[in-house]
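Descriptive analysis of the structure
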Amino acid sequence: MKKPITLLAAFVFLIQFASAQEFEAGTNVINAGIGLGGYYGGYSTSTASPVFSASYERGIWDVPGPGVVSLGGYIGYKRFTYDYAFANADYSWSYTTIGVRGAYHYTGLDIDNLDVYGGAMLSMRILGGDEFGDISSRPGGTAFVGGRWYFTDSIAGFAEAGYGVAFLTLGASFRF
């Protein structure tokens with residue numbers, strides 16, 4: 001858990017020296033990412049894939065603070081296997097996570113090309129594969145903080161840290 005926090009701290013530190021177009025009401029962003037870690041295993045698994053995810057958000061309204069609230073959707077996929085040595089059996093399952101998320105984008109930093117935000121997501125984890133123990137489809141929740149660094153007007157790299165689907169997600173963002 002120390003590595004994701006250290007990576008996020010380094011990311012935030014480095015981007016302070018650059019210059020951002022702030023997130024605004026009406027802004028649309030699509031994220032594509034790969035997440036590491038996460039809670040949704042359910043058991044000590046033999047192997048787990050990274051979380052492959054995509055999300056969309058739109059700036060909805062300006063709020064005092066200064067900031068912008070965004071709303072959007074999320075879809076992610078993660079696969080697990082469990083080698084049950086005593087019964088000579090292997091199990092595998094996956095979760096497809098579909099959710100709605102909201103975030104507060106802080107716009108008071110006055111750093112060009114930087115978008116920092118925090119938010120929460122309500123989701124449904126849909127089970128696929130073998131039934132094993134108490135693993136089942138169920139609702140879930142996630143809290144996250146993140147940042148985007150825009151290399152061009154429409155392309156950015158992003159990092160999100162949180163609890164739930166993945167502890168750390170890295171990827172690309174596309175603004176339109």
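Above: the structure in question.
Let us look at the structure shown here. In this text the structure is predicted, and so the values were computed from the model without any measurement. (Residues numbered from 1 in each chain as written. Predicted model: local features only at pLDDT ≥ 70, side-chain atom pairs only at ≥ 80, totals over all residues. Heavy atoms only, no water.)

1. A short note on the overall build of the chain
The line we're drawing: In this description a helix means any DSSP run of H or I spanning at least four residues, a strand means any run of E spanning at least two, and both kinds are numbered starting from the N terminus. Only protein chains enter the area calculation, which uses a 1.4 Å probe; residues under 20% of their type maximum are buried, those over 50% are exposed, and those in between are partly exposed. Residue exposure ignores everything except the shown protein chains as possible cover, and the areas themselves are Shrake-Rupley values with a 1.4 Å probe.
A count of helical and extended segments in the chain gives 1 helix and 9 strands. Order of helices (α) and strands (β) in the chain, N terminus to C terminus: α-β-β-β-β-β-β-β-β-β. Looking at the chain as a whole, 40% of its 176 residues qualify as buried. Carbon together with sulfur atoms contributes 64% to the accessible area of the chain, which is approximately 9,200 Å² in total.

2. Examining the environment of F80
Counting through the fold element by element, F80 comes out in strand β4 (residues 67-84). Measuring from C-alpha to C-alpha, the distance between F80 and S94 comes to 5.9 Å, with 14 residues separating the pair along the chain.

3. Digging into the side chain of K78
Rules: For the purpose of counting charges, residues Lys and Arg are taken to be positive, whereas Asp and Glu are taken to be negative. His and the chain ends are not included. Note on definitions: salt bridges are taken to be side-chain nitrogens of Lys or Arg within 4 Å of carboxyl oxygens of Asp or Glu. Polar contact criterion, stated in full: a pair of N or O atoms within 3.5 Å, where within protein one must be able to donate a hydrogen and the other to accept it, and residues adjacent in sequence count only if both atoms are side-chain atoms. Pairs of residues are marked as contacts when any of their non-hydrogen atoms sit within 4.5 Å.
Inspection of the secondary structure puts K78 in strand β4. Buried and unpaired, K78 has E160 as its nearest opposite-charge partner, separated by 14 Å. A polar contact is formed between the side chain of K78 and the backbone oxygen of G37, at a distance of 2.9 Å. In contact with K78, other than residues within four places in its own chain, are G37, G38, A48, S49, P50, V51, W93, S94 and Y95.

4. Some thoughts on unusual backbone geometry
Here the phi dihedral of D110 falls at roughly 55 degrees; this positive angle occurs in a residue that is not glycine. Within the secondary structure layout, D110 lies in the loop between β5 (89-106) and β6 (114-129). Take D110: its relative accessible area is 67%, and that puts it in the exposed class. In the Ramachandran plot, N113 falls in the positive-phi region, its phi being about 75 degrees despite a non-glycine side chain.

5. Side note on the packing of aromatic side chains
Stated precisely, the cut-off is as follows: Pairing of aromatic side chains here covers Phe, Tyr and the six-membered ring of Trp, requires ring centres within 6.5 Å, and sorts the geometry by plane angle: under 30 degrees stacked, over 60 edge-to-face, intermediate tilted. By definition here, charges over rings are those cases where NZ of Lys or CZ of Arg is within 6 Å of the ring centre and within 35 degrees of the ring normal.
Counted under the stated rule, the structure contains 5 aromatic pairs. Pairing F80 with Y95 gives two aromatic rings, centres 6.3 Å apart and planes at 80 degrees, and the pair type is edge-to-face. Residue F80 is found in strand β4, and its partner Y95 is found in strand β5; the two are separated by 15 residues along the sequence. This pair shows no difference in class: F80 is buried, exactly as Y95 is. Arranged with centres 6.3 Å apart and planes meeting at 70 degrees, the rings of Y117 and F144 form a pair that is edge-to-face. Taken together, the residues Y117 in strand β6 and F144 in strand β7 (residues 138-150) connect sequence positions 27 residues apart. Judged by relative accessible area, which is 5%, Y117 ranks as buried. A residue is classified by how much of its surface remains accessible, and F144, at 6% relative accessible area, is buried. Aromatic ring contacts, followed pair by pair, group F80, W93 and Y95 into a single cluster. If you follow R125 out to its NZ or CZ, it ends over the ring of Y95, 5.4 Å from the centre.

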